[in-house]
Amino acid sequence: MRILFVFLLGVLSAFYLTEGCLRGLKKFNLLPKNRYLHHSEAGLIVLLGGVLTFFLAPELIGSANTTLLSTFLLGTGVGMISHHLLSESFFFFPQAERNFLRKHDHLVERFLEIIPGASTWLALASPIWLSFIFPFAVAYIILLADIYWLFSAVRISVLTYLGYKKMEAAKRIDWLERLKKDYPQDWQELYHFFVIPVYKEGLEVVGPCVDAIASANYPKEKIFIGIGYEEKSDPQNIAQMRDYIKKYEGHIGGIFFTVHPSGLPGELRGPATNRNWIINNAVKEFTKRGLKPSQVIATTLDSDFVVHPQFLAGALYKYLSQPKDVRDKRSFTGVFLYHNNYWQCPAFTRLISSGTAFWQLAEMVGSDKYINFSSLSMNLKSLLEIGLWMPDKVNDDSGFFWKAYYHFKGDYKVLPHYLPISADTVLDVTFYQTFKNQYKQLQRWAYGVEHIPFIIRQYFARTDIDFWDKTDKLTFILWSYFKWGTLALFVTFAGVVIPLVNPHYTESVVAYNLPVISSWILTGAFIGLFSTIYIHERTAPPRPKSWSLLQKFWSYIQWTLIPIILVTITSIPAIDAQTRLMLGKYIEFYNTKKARLAS
């Protein structure tokens, strides 16, 4: 364990000190202009020094000290070479290495696709292969994972509560009056345009979405709605929606109705291509009306989303409150709650939707790396400059974030305005179909790993983005996908595997103490769930009056299912998605059916 610690100490200290020194040299103009500083060569020398120390120094400083010193030097060399690769995009020979990558572009792409899945399976199998040689290392890693789990649980509990307070405060404000008071001219020059892609959803789902927008506390003549069906959508659904929206003609700024053709070149089936089709057609309509894209705030909604009455004014206020040179490089989002059909759904889908909502809320409050999810509001001119959504990817939300991040040279963020959007919890006509849809939805979300090759390629190609910022973002996204598929399973089962692989481990003090310590840590993490339960009870819709006492009792103790959900339907779809990408078995977009029971 000491050797591993010393090696990591060498890697991290060399990495950060190298960056600090280079920044200092650049600040005082001490670096030669237009020339590479090949500190990878220095790192290679340090690496060789570590090897020589291991073989030549034992007689001088003792074998134990030699091992630690050589390990530290090896780590230092790796840290310097790693920093050079990440900051300069090559190891030793820039032109030769880039030519090699261009020549083997497909292999590079496949290698980058393999990284997430291979890392996950390596970690999941580590209690087996590592316990043969270093069982105590596995035990300490489990302990660190337990501590991280506790830290995450406490962090999410605190941030969710803070987010809840922000949401409640935002709901109490009359944002339209605030707009009139603080931005009397600016707000009147801007219009709202809502983009709603639809596939199989019926009028009972899409109707409330449109109604909420049209009845919002906002001047109706400044509201435009774009509804886009797919060519393969049910003709009856299309006809019903065409008839339904007639009641809003002349009552709002305008409703644009489109049908997206199937099988266009370079497109995968999904909401991203439909969204692009809606917007491109809407731009023509806005031009006819004399509106410029810069005058329009476009908001994307899933067809089941129902916005808060203050949503339009609140989103626009958040936009105008940003500095003029920044606001068009930002997108804005509300708080996601899954309450439209909440108590109609099985307990496991309710818990997953609540967990998703509270995790999203915590990230909005506590992270500057929040990634687009399901809905965004942004200046239409900026959307067009970015190039809209990737038409050939399944996971469109996270893909848009990275496309926008690199388009704006790292100066892109998602800012919350904390006004709620109510969505559907996953529900279908049978329990099996509900389970299948929930699994497929989580798999699709986890399939955001398909963007890892694009993210890494852009990371190395874009020297115009701050090194720390892009490194921070890359580390964050890799860690996020990695822990999604591994952390819950590792914390739950890794300690059981060690004695099965290495029986001698059971004779140690560590083997006796680890389960006790882990149990206390995980109990503490579970206690942090009470904060989440409190917020759930304050935000969830009232339970149906027709429910029996048993149904009501079960709805209160449903939280006992959390451990089972975390190690099954939450973790397994992530492993599935990463494994499919690793094996080149790419998935297609799966439309999560929206269903509501008749009341």
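S.K.: What is the right way to look at empty space enclosed by the protein in this model?
M.R.: Over the atoms a probe the size of a water molecule is rolled, and this reveals where empty space is left. Inspection of the entire model under this criterion finds five cavities of 30 Å³ or more. Considering only enclosed or pocket space, the second largest cavity measures out at about 70 Å³ in volume. By residue number, the principal contributor to the lining of the second largest cavity is helix α13 (residues 347-366), which donates four residues.

S.K.: Got a minute to help me understand the layout of surface pockets in this structure?
M.R.: Looking at the second largest pocket, its volume works out to about 1600 Å³. Around the second largest pocket, the lining is made up of 41 residues, and of these L8, T475, L478, W479 and F482 lie nearest the centre. With 12 residues, the top contributor of residues to the lining of the second largest pocket is helix α18 (residues 467-501). By residue class, the composition of the lining of the second largest pocket is 32 nonpolar, eight polar and one charged.

S.K.: Hey, could you run me through the pattern of salt bridges in this one?
M.R.: A pair can form between side chains of opposite charge whenever their charged atoms are brought close. Summed over the entire model, instances satisfying the criterion amount to 22 salt bridges. The salt bridge involving R110 is made with E113; its shortest N-O contact spans 2.6 Å. Remark: E113 and R110 occur in helix α6 (residues 105-129); sequence separation between them is three residues, near one turn of the helix. The shortest N-O distance in the salt bridge between D472 and K369 comes to 3.2 Å. Residue D472 is located in helix α18, and its partner K369 is located in the loop between α13 and β7 (376-379); the two are separated by 103 residues in the primary sequence. We classify K369 as buried; its relative accessible area is 14%. Via salt bridges that share partners, E19, R23 and D466 belong to a single interconnected network.

S.K.: Is there a simple way to think about the nonpolar core in this case?
M.R.: Of all hydrophobic cores here, the largest spans 122 residues; its most connected members are F193, I227 and L383. Setting aside chain neighbours within four positions, we find F193 in contact with F224, I225, G226, F256, I278, I279, A282, F286, V296, I297, A298 and T299. Within the second largest apolar cluster, 13 residues are counted, among which are V138, L487, A494 and A511.

Calculation notes
Note on numbering: residues in each chain are counted from 1, in written sequence order. pLDDT decides what is reported in this predicted model: residues at 70 or higher carry local features, side-chain atom pairs at 80 or more are listed and counted, and totals for whole chains, interfaces and linings draw on all residues regardless. Side-chain measures were taken over the full set of non-hydrogen atoms in the model, leaving aside hydrogen atoms and water. Residues are said to line a cavity or pocket when one of their atoms sits within 4 Å of a point; the points come from a 1 Å grid over protein atoms alone, cavities being sets where a 1.4 Å probe fits but cannot get out and pockets being open sets with protein on both sides within 12 Å along at least five of seven lines. Grid points are joined across faces, edges and corners, and a volume is the space filled by probe spheres set on the points. For the purposes of this entry, the term helix denotes a DSSP run of H or I that reaches at least four residues, the term strand denotes a run of E that reaches at least two, and both are numbered from the N terminus. We call Asp, Glu, Lys and Arg charged. Ala, Val, Leu, Ile, Met, Phe, Trp, Tyr, Cys and Pro are nonpolar, and the rest, Gly among them, are polar. Whenever Lys or Arg places a side-chain nitrogen within 4 Å of a carboxyl oxygen from Asp or Glu, that contact is recorded as a salt bridge. Only protein chains enter the accessibility calculation, which uses a 1.4 Å probe; a residue whose area is less than 20% of its type maximum is buried, one above 50% is exposed, and one in between is partly exposed. Only buried Ala, Val, Leu, Ile, Met, Phe, Trp, Tyr and Cys residues count toward a nonpolar core, and they belong to the same one when joined by side-chain atoms within 4.5 Å. The contact rule is simple, with two residues in contact once any of their heavy atoms fall within 4.5 Å.

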